[in-house]
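Here is what each chain is made of, one letter per residue.
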Amino acid sequence: MREPAFNVLWLQSGGCGGCSMSLLCADTSDFRGQLRQAGINLLWHPSLSLETGQDVQQLMADCLSGKTVLHALCLEGSVLRGPEGTGRFHLLAGTQEPMMTWVQRLSAVAKHVLAIGSCAAFGGITAGGSNPTDACGLQYEGDQAGGLLGSNWRSAAGLPVINIAGCPTHPGWVIETLAALAQEQGLQAEQLDGLNRPRFYSDKLVHHGCTRNEYYEYKASAEAPGDLGCMMENRGCKGTQAHADCNVRLWNGEGSCIRGGYACISCTEPGFEEPGHRFDQTPKVAGIPIGLPTDMHKAWFVALASLSKSATPKRVKLNATSSHIVVAPVIKKTRLS
Ligand code: SF4
Ligand code: SF4
């Protein structure tokens, strides 16, 4: 097997560490082996590496001097710019220098820079509320381009910050992106979407592959927590607007928020952290949900919804407001039975 040659340095700043936890749930029995096989050398990760203190500082110095080629800098968590632009809310332990400064320096030499999770991409949860730490994303502040590095910043490879958004981000999205970058052909700008997320996962919607699609078709809606029906009408689900393949590429091999009974809160989108309403409620105007599918005209939605509601089979209607199947599909007579 060839020696891993694609050096990845992973830093953490203003986040909860959940994206690293998610990475550890990568669907593989040999995490290190999977990275090795993709040609990825994890230079250092705060939770997965043994090195600490002076060793890490030396490692970063080697990246800055060019002695070690830094192929990918991954930042998890948002950049803390406060107080008053000094970045001193987060000093990198042992260095007395803001993490913000280290990120700026290392971004200048890295071939690629990746924002791991919605905090690093857009500011995320850390930037919510009054944002006392002046948190921002690497190249975005909410949905506005800018952030720490500025909208015109490009890496040595010519790409913007690659935003692997999600809260947490899916381990498959991270590993697949790194593996693609480690290949000779790398990733091209057109393989990123309008928010610089890898299109292999962001060209899909959470709605795709949702096990509640039959309920959605008939607008047979869940009313209480635990109900089986579609959660769009009453329980805050934004799966029809959220760009991600969560229900096709499952989590831990078998789950997703929706399969666990929770509405999609659209965590891959900028600003998801402050929807202006409870995550488990759907805001409505005159009884019509305001968050309709992104590419559907409101009038069409209303017409289709009322038509499909009037055609809802009794089975679907009853099951939608139950915690388990109470009416099974009828067994249709075929020529074989
Ligand atoms: S994106 Fe979410 S899971 Fe990841 S560090 Fe931020 S708050 Fe934690
Ligand atoms: S629960 Fe959400 S993702 Fe699932 S079918 Fe309904 S709207 Fe779509």
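Conventions used here
- Residues numbered from 1 in each chain as written.
- Chains lettered and ligands numbered in written order.
- Predicted model: local features only at pLDDT ≥ 70, side-chain atom pairs only at ≥ 80, totals over all residues.
- Heavy atoms only, no water.
- UniProt positions renumbered as here; feature names shortened; annotations may be inferred.
- Near = heavy atom within 4 Å.
- 1 Å grid on protein atoms, 1.4 Å probe; cavity = no way out; pocket = protein on both sides within 12 Å on 5 of 7 lines; lining within 4 Å.
- Sits in = over half its atoms within 2 Å of the grid points.
- Nonpolar A, V, L, I, M, F, W, Y, C, P; charged D, E, K, R; others polar.
- Helix = DSSP H or I, 4+ residues; strand = E, 2+ residues; numbered from the N terminus.
- Points joined across faces, edges and corners; volume = space filled by probe spheres on them.
- Buried < 20%, exposed > 50% of the residue type's maximum accessible area, 1.4 Å probe, protein only.
- Contact = heavy atoms within 4.5 Å.
- Salt bridge = Lys/Arg side-chain N within 4 Å of Asp/Glu carboxyl O.

The name recorded for the protein in an unreviewed UniProt entry is hydrogenase (acceptor), from Rhodoferax fermentans. On record in UniProt, under Sequence similarities (unreviewed entry), the comment for the protein is "Belongs to the [NiFe]/[NiFeSe] hydrogenase small subunit family." Here the protein is described in UniProt, under the heading Subcellular location (unreviewed entry), as follows: "Cell envelope".

### Topic: the site of ligand 2
Ligand 2 sits among H207, C210, R212, N213, Y216, C230, M231, M232, C237, G239 and I258. Among the detected pockets, ligand 2 sits in the largest cavity. Of the residues belonging to the shell around ligand 2, the class tally is seven nonpolar, three polar and one charged.

### Topic: the site of ligand 1
Near ligand 1 you find G15, C16, G17, G18, C19, G117, S118, C119, G166, C167 and P168, and these make up its full shell. For the shell around ligand 1, the secondary-structure elements that each account for two or more residues are α1 (18-24) and α5 (117-122). Considering every element that reaches the shell around ligand 1, the biggest residue donor is α5, with three residues. Residue composition of the shell around ligand 1, grouped by class: five nonpolar, six polar and no charged.

### Points about the layout of surface pockets
Each pocket or cavity is described by its volume, and for the largest pocket that value is around 270 Å³. Along the lines of polarity and charge, the residues of the lining of the largest pocket split into 14 nonpolar, four polar and no charged.

### Describing empty space enclosed by the protein
In this structure the tally under the stated criterion is three cavities of 30 Å³ or more. Counted as a void, the largest cavity has a volume near 100 Å³. Lining the largest cavity are 13 residues, with H207, C210, C230, C237 and I258 sitting closest to its centre. The class makeup of the residues in the lining of the largest cavity is eight nonpolar, four polar and one charged. What the second largest cavity holds in volume is close to 60 Å³. Taken together, V8, W10, L23, F31, L35, I40, L42, V174, I175 and L178 make up the full set of residues lining the second largest cavity. Considering every element that reaches the lining of the second largest cavity, the biggest residue donor is helix α6 (residues 171-182), with three residues. Taken together, the residues of the lining of the second largest cavity sort by class into ten nonpolar, no polar and no charged.

### A word on the side chain of H112
Inspection of the secondary structure puts H112 in strand β7 (residues 112-116). Judged by relative accessible area, which is 5%, H112 ranks as buried. Those residues in contact with H112 that lie beyond four places of it in its chain are F6, H71, A72, L73, S155, A157, L159 and L181.

### Details of the pattern of salt bridges
In the structure shown here, the tally under the stated rule is twelve salt bridges. Residue E269 pairs with R197 through a salt bridge whose shortest N-O separation is 3.0 Å. Within this pair, whereas E269 is found in the loop between α8 (213-218) and β12 (284-285), its partner R197 is found in the loop between α6 and α7 (199-202), the two being separated by 72 residues in sequence. For the residue pair E269 and R197, the accessibility class agrees, reading buried in each case. Note that K309 and E233 form a salt bridge whose closest N and O atoms lie 2.8 Å from each other. In this pair, K309 is assigned in helix α9 (residues 298-310) and E233 in the loop between α8 and β12, connecting sequence segments 76 residues apart. By relative accessible area, K309 is classed as partly exposed at 37%. Through salt bridges with shared partners, a single network forms among R81, D134 and E141.

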